[in-house]
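Observations on the three-dimensional arrangement
One letter stands for each residue in the lines below.
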Amino acid sequence: MESECVSCGACVAACPTATLQEKTVIMLGQSEHSVVTTCAYCGVGCSFKAEMKGNQVVRMVPHKNGQANEGHACVKGRFAWGYATHKDRITKPMIRAKITDPWREVSWEEALTYAASEFRRIQAKHGRDSIGGITSSRCTNEETYLVQKLVRAAFGNNNVDTCARVCHSPTGYGLKTTLGESAGTQTFASVDKADVIMVIGANPTDGHPVFGSRMKRRIREGAKLIVVDPRRIDIVDTPHVKASHHLQLRPGTNVAVVNALAHVIVTEGLLNEAFIAERCETRAFEQWRAFVARPENAPEATEELTGVPAASIREAARIYATGG
Ligand code: SF4
Ligand code: SF4
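No experiment lies behind these values; they were computed from the predicted model shown.

**Remarks on the site of ligand 2**
If you check the shell around ligand 2, you find Cys39, Tyr41, Cys42, Val44, Gly45, Cys46, Phe48, Cys74, Lys76, Gly77, Pro209 and Val210 and nothing else. Applying the majority rule of atoms within 2 Å of the grid points places ligand 2 in the largest cavity. Residue assignment for the shell around ligand 2 shows that the elements contributing at least two residues are helix H3 (75-79) and helix H8 (209-220). Per-class residue counts for the shell around ligand 2 are 9 nonpolar, 2 polar and 1 charged.

In structure tokens:
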């Protein structure tokens, strides 16, 4: 546990002699068939082959054709699947009429009839819009699709959402307003071509490890990394990978830091004018340029508020603007 190993299991998958082998294969035996599935632990969406013996998962092997992971995995998807058959898991339907009642195990028939009749009762009393559905960000696209189908076709309303939107709404709003699309505009693979990577308020090696590894690989090839985060996240300084700058801002001062970075780029004339002329609305861009150029947005002026030394902001901005 003290080594730099991240337990991704790649060595186990590659071992040609089965000297390294999953404990579960030793315990449960070789698999008989496999099912392709998606790891739902994080948004990377790695593809896996769930190797099965009957209905029992024997091991999870990352899928070489998976577009998000290309045969790679992290410890969560690769090894942390014991929940599938964990004794704490609720596998039988249960009903309680009130939150103070104890749960009562019932048949599927009774559970489905009860749920459906309660939906109908509430709609009959309070109107069609009185019920809805929300899916977890851990659900697959297909599961979320099914729930919206239930809501639109059976409930007859549009009260459907996914919790992914709750944590994603600020970024979704920003992206939609500026770029017209609330999803990421790049594929994971595009990081392979990056020369400078700026990570703001994310912790890829913990949160999205398969993408984190991909980013680390690119940084080892020479790309520069700027981390903007109050936390000293792993990627700031790990074996083989170091951030060229860690802008350790005070929580809540992201906008001031981004404006200060922009201030340096604009006032030092580091803009790529041709790129901007081709893509930006001239009037809106000029407004923004004039705003960030104001003295109160200079790194020296924001230093006290953000806690980030002006010199670091200036260096990071120059790298970001000129790095390629
Ligand atoms: S391949 Fe993954 S599990 Fe194996 S030693 Fe390296 S980091 Fe650890
Ligand atoms: S990075 Fe890890 S947790 Fe995220 S989808 Fe891939 S295997 Fe699952």
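**So, helix H4 (residues 108-126)**
Counted at 1.5 Å a residue, the expected span for H4 with its 19 residues is 27 Å, and the 27 Å between its end C-alpha atoms agrees. One or two residues past the end of H4 sits Gly127, with phi positive at roughly 100°.

**As for the site of ligand 1**
The immediate surroundings of ligand 1 are formed by Cys5, Val6, Ser7, Cys8, Gly9, Ala10 and Cys11. A per-class count over the shell around ligand 1 returns 5 nonpolar, 2 polar and no charged.

**Details of the nonpolar core**
By size, the foremost hydrophobic cluster in this structure holds 29 residues, and its most contacted members are Val44, Ile197, Met215, Ile219, Leu225, Val227 and Ile235. When residues of this core are traced back to their parent elements, those giving at least two are strand S2 (47-53), strand S3 (56-62), strand S8 (196-200), H8 and strand S9 (224-228). Residue contributions to this core peak at 4 residues, all from H8. A domain-level breakdown of this core finds at least three residues from each of domain 1 (10-85) and domain 4 (186-248).

**Regarding the sheet that holds S3**
A sheet is described by the order of its strands in space; here 3 strands give the open sequence S1-S2-S3, paired in antiparallel fashion. Both outer strands of the open sheet, strand S1 (33-38) and S3, are each paired with one neighbouring strand and no more. On average, each strand axis in the sheet is inclined to that of its neighbour by 30°, with strand direction left out of account. Sheet topology note: the S1/S2 ladder contains 6 bridges and is antiparallel. Within S2, the position partnered with Thr37 by the bridge is Phe48.

**A short note on a nonpolar patch on the surface**
A surface patch of nonpolar side chains, amounting to about 330 Å² of accessible area, comprises Ile90, Met94 and Trp103. Along the chain, Trp103 turns up in the loop between strand S4 (94-95) and strand S5 (104-105).

**A look at the packing of helix H9 (residues 254-267) against helix H11 (residues 282-292)**
Following both chains from N to C, one finds H9 and H11 inclined at 100°, their axes separated by 8 Å at the closest point. By the angle between their directions, the pair H9 and H11 is classed as roughly perpendicular. Within the contact between the two elements, H9 uses Asn259, Ala262, His263 and Val266 and H11 uses Trp288, Arg289, Phe291 and Val292. Considered class by class, the residues forming the contact of H9 with H11 number 5 nonpolar, 2 polar and 1 charged.

**What about the pattern of salt bridges?**
One pass over the structure, following the stated rule, counts 20 salt bridges. Put simply, Glu22 and Arg59 hold a salt bridge, and the shortest N to O gap is 3.1 Å. With Glu22 in the loop between helix H1 (10-14) and helix H2 (23-28) and Arg59 in strand S3, the pair connects residues that are 37 residues apart, well separated along the chain. A salt bridge links Arg318 to Glu268, with the shortest nitrogen-to-oxygen separation between them at 2.8 Å. Taken together, the positions of Arg318 in helix H13 (residues 310-322) and Glu268 in the loop between H9 and helix H10 (273-279) put the pair 50 residues apart, joining distant regions of the chain.

**Quick word on the pairing of S2**
When you tally the buried positions in S2, you get 5 out of 7 residues, the bulk of the element. Inspection of the sheet shows S2 paired to S3 by 6 bridges, in the antiparallel sense. Looking at the pairing, Ala50 lines up with Met60 of S3. Counting the residues between successive antiparallel strands, the hairpin from S2 to S3 contains 2 residues, one of them, Gly54, with a positive phi of roughly 60°.

**Section: the packing of aromatic side chains**
For any pair of aromatic rings, the description rests on two quantities: the centre-to-centre distance and the angle between the ring planes. Following the criterion strictly, the structure yields 4 aromatic pairs and no others. Pairing Tyr41 with Tyr83 gives two aromatic rings, centres 5.9 Å apart and planes at 90°, and the pair type is edge-to-face. Pair noted here: Tyr41 is in the loop between S1 and S2 and Tyr83 is in the loop between H3 and S4, with a separation of 42 residues, a long-range link. Its relative accessible area of 28% is what places Tyr41 among the partly exposed residues. A cation over an aromatic ring shows up here: Arg279 above the ring of Phe275, its NZ or CZ 3.8 Å from the ring centre.

**Remarks on the sheet that holds S8**
Strand order in the open sheet formed by 3 strands is S8-S9-S12, with parallel pairing between adjacent strands. What marks the edges here is a single partner per strand, and that holds for S8 and strand S12 (245-247). Across this sheet, the average inter-strand angle for adjacent strands is 15°, counted without regard to direction. Sheet analysis places S8 next to S9, joined by 5 bridges and oriented parallel. Opposite Val199, over in S9, you have Val227 as the bridge partner. The sheet contacts of H9 involve S8, S9 and S12, and relative to S8 the element is tilted by about 155°. On the sheet, H13 packs against S8, S9 and S12 and is oriented at approximately 125° with respect to S12.

About the thresholds
Residues numbered from 1 in each chain as written. Chains lettered and ligands numbered in written order. Predicted model: local features only at pLDDT ≥ 70, side-chain atom pairs only at ≥ 80, totals over all residues. Heavy atoms only, no water. Near = heavy atom within 4 Å. 1 Å grid on protein atoms, 1.4 Å probe; cavity = no way out; pocket = protein on both sides within 12 Å on 5 of 7 lines; lining within 4 Å. Sits in = over half its atoms within 2 Å of the grid points. Helix = DSSP H or I, 4+ residues; strand = E, 2+ residues; numbered from the N terminus. Nonpolar A, V, L, I, M, F, W, Y, C, P; charged D, E, K, R; others polar. Expected span 1.5 Å × (residues − 1). Core = buried A, V, L, I, M, F, W, Y, C linked by side-chain atoms within 4.5 Å. Buried < 20%, exposed > 50% of the residue type's maximum accessible area, 1.4 Å probe, protein only. Domains from an automatic or database assignment. Pairing = 2+ DSSP bridges. Axes fitted to C-alpha atoms, helices over the stretch in contact; angles between N-to-C directions. Patch = residues over 30% accessible without salt bridge, like charges linked within 9 Å, V, L, I, M, F, W, Y side chains within 5 Å. Areas by Shrake-Rupley, 256 points an atom, 1.4 Å probe, with all protein chains shown as cover. Salt bridge = Lys/Arg side-chain N within 4 Å of Asp/Glu carboxyl O. Parallel < 35°, antiparallel > 145°, perpendicular 65-115°, else oblique. Contact = heavy atoms within 4.5 Å. Phe/Tyr/Trp six-rings, centres within 6.5 Å; stacked < 30°, edge-to-face > 60°. Lys NZ or Arg CZ within 6 Å of the ring centre and 35° of its normal.

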